[in-house]
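Observations on chain architecture
The chain contents come next:
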Amino acid sequence: MKIDHIGIAVKNLEDAIKTFEALGFKLEEIEEVEGQKVRVAMLPVGESRIELLEATSEDSAIAKFVASRGEGVQHIAINVEDIELALKRAKDAGVKLIDEKPKIGAGGKKVAFLHPKSTHGVLIEFVEG
Ligand code: CO
């Protein structure tokens, strides 16, 4: 297994990119993911990435997160070979799923979220491939 990326919710994407660039990170790309109502900036770190997330709508999960908890680490994404199988395994083990079926996330990849209530308060995202 490996960590695909760590998702960080921010208020302003350009401000956050500047901060991370000042720390030595390099911006790879900025992408808008309409289905999740976010703008995403990817900054590689080793074989993983930091994913900075800015809400594009007030009903986005990122807007709700920032409103209730402020900016900060929002999720950890794990690479899986077969996302349907990974979801089935998690469900069979009693983990509550946010997404019963994969949806399309950043980079056009199949993604799905698990419910943080069943994963010790950590929002986990599966990313296929
Ligand atoms: Co993510």
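As a starting point, this report considers the structure included with it.

**Some details on the coordination of the cobalt ion**
For a metal with four donors in a tetrahedral arrangement, the ideal angle between donors is 109.5 degrees, while six donors in an octahedron ideally sit at 90 or 180 degrees. Looking at the metal site, the cobalt ion is ligated by His 5 (NE2), Glu 51 (OE), His 75 (NE2) and Glu 125 (OE), spaced 2.1 to 2.3 Å from it. In this structure, the cobalt ion is surrounded by 4 donor atoms whose angles at the metal cover 85 to 172 degrees, and the resulting shape is irregular. Ordering the donors of the cobalt ion by residue number gives the pattern H-x45-E-x23-H-x49-E. Separated by 24 residues along the polypeptide, Glu 51 in strand β4 (residues 48-55) and His 75 in strand β5 (residues 72-80) bring together distant segments of the chain. Assigned by exposure class, Glu 51 and His 75 land together as buried.

**Some thoughts on the environment of Gly 24**
When you line up the elements, Gly 24 lands in the loop between α1 (13-22) and β2 (29-33). A relative accessible area of 49% means that Gly 24 is categorised as partly exposed. Remark: the alpha-carbon pair of Gly 24 and Glu 128, spanning 104 residues in sequence, is separated by 28 Å.

**A look at the side chain of Glu 125**
Residue placement: Glu 125 occurs in strand β8 (residues 124-128). Buried and unpaired, Glu 125 has no salt bridge, with Lys 103 as the nearest side chain of opposite charge at 7.7 Å. Only 2.9 Å separates the side chain of Glu 125 from the side chain of His 5, close enough to count as a polar contact. Filtering out sequence-adjacent residues up to four positions away, Glu 125 remains in contact with His 5, Glu 51, His 75, Ile 76, Ala 77, Ile 78, Val 111, Ala 112 and Phe 113.

**A look at the environment of Lys 26**
Tracing the backbone through its elements, the reader meets Lys 26 in the loop between α1 and β2. Judged by its relative accessible area of 62%, Lys 26 is exposed. Distance in space between the C-alpha atoms of Lys 26 and Ala 55 is 21 Å, their sequence separation being 29 residues.

**What to know about the side chain of His 5**
Locating His 5 in the fold gives a position in strand β1 (residues 3-10). A distance of 3.3 Å separates polar atoms of two side chains, one belonging to His 5 and the other to His 75. Setting aside chain neighbours within four positions, we find His 5 in contact with Met 42, Arg 49, Glu 51, His 75, Ile 76, Ala 77, Glu 125 and Val 127.

Definitions and cut-offs
- Residues numbered from 1 in each chain as written.
- Predicted model: local features only at pLDDT ≥ 70, side-chain atom pairs only at ≥ 80, totals over all residues.
- Heavy atoms only, no water.
- Donors = N, O, S within 2.8 Å, 3.2 Å for Na, K, Ca; no water.
- Tetrahedral: all angles 85-135°; square planar, octahedral: opposite > 155°, others 65-115°.
- Helix = DSSP H or I, 4+ residues; strand = E, 2+ residues; numbered from the N terminus.
- Buried < 20%, exposed > 50% of the residue type's maximum accessible area, 1.4 Å probe, protein only.
- Lys, Arg positive; Asp, Glu negative; His and termini not counted.
- Salt bridge = Lys/Arg side-chain N within 4 Å of Asp/Glu carboxyl O.
- Polar contact = N/O pair within 3.5 Å; in protein donor to acceptor, adjacent residues only side chain to side chain.
- Contact = heavy atoms within 4.5 Å.

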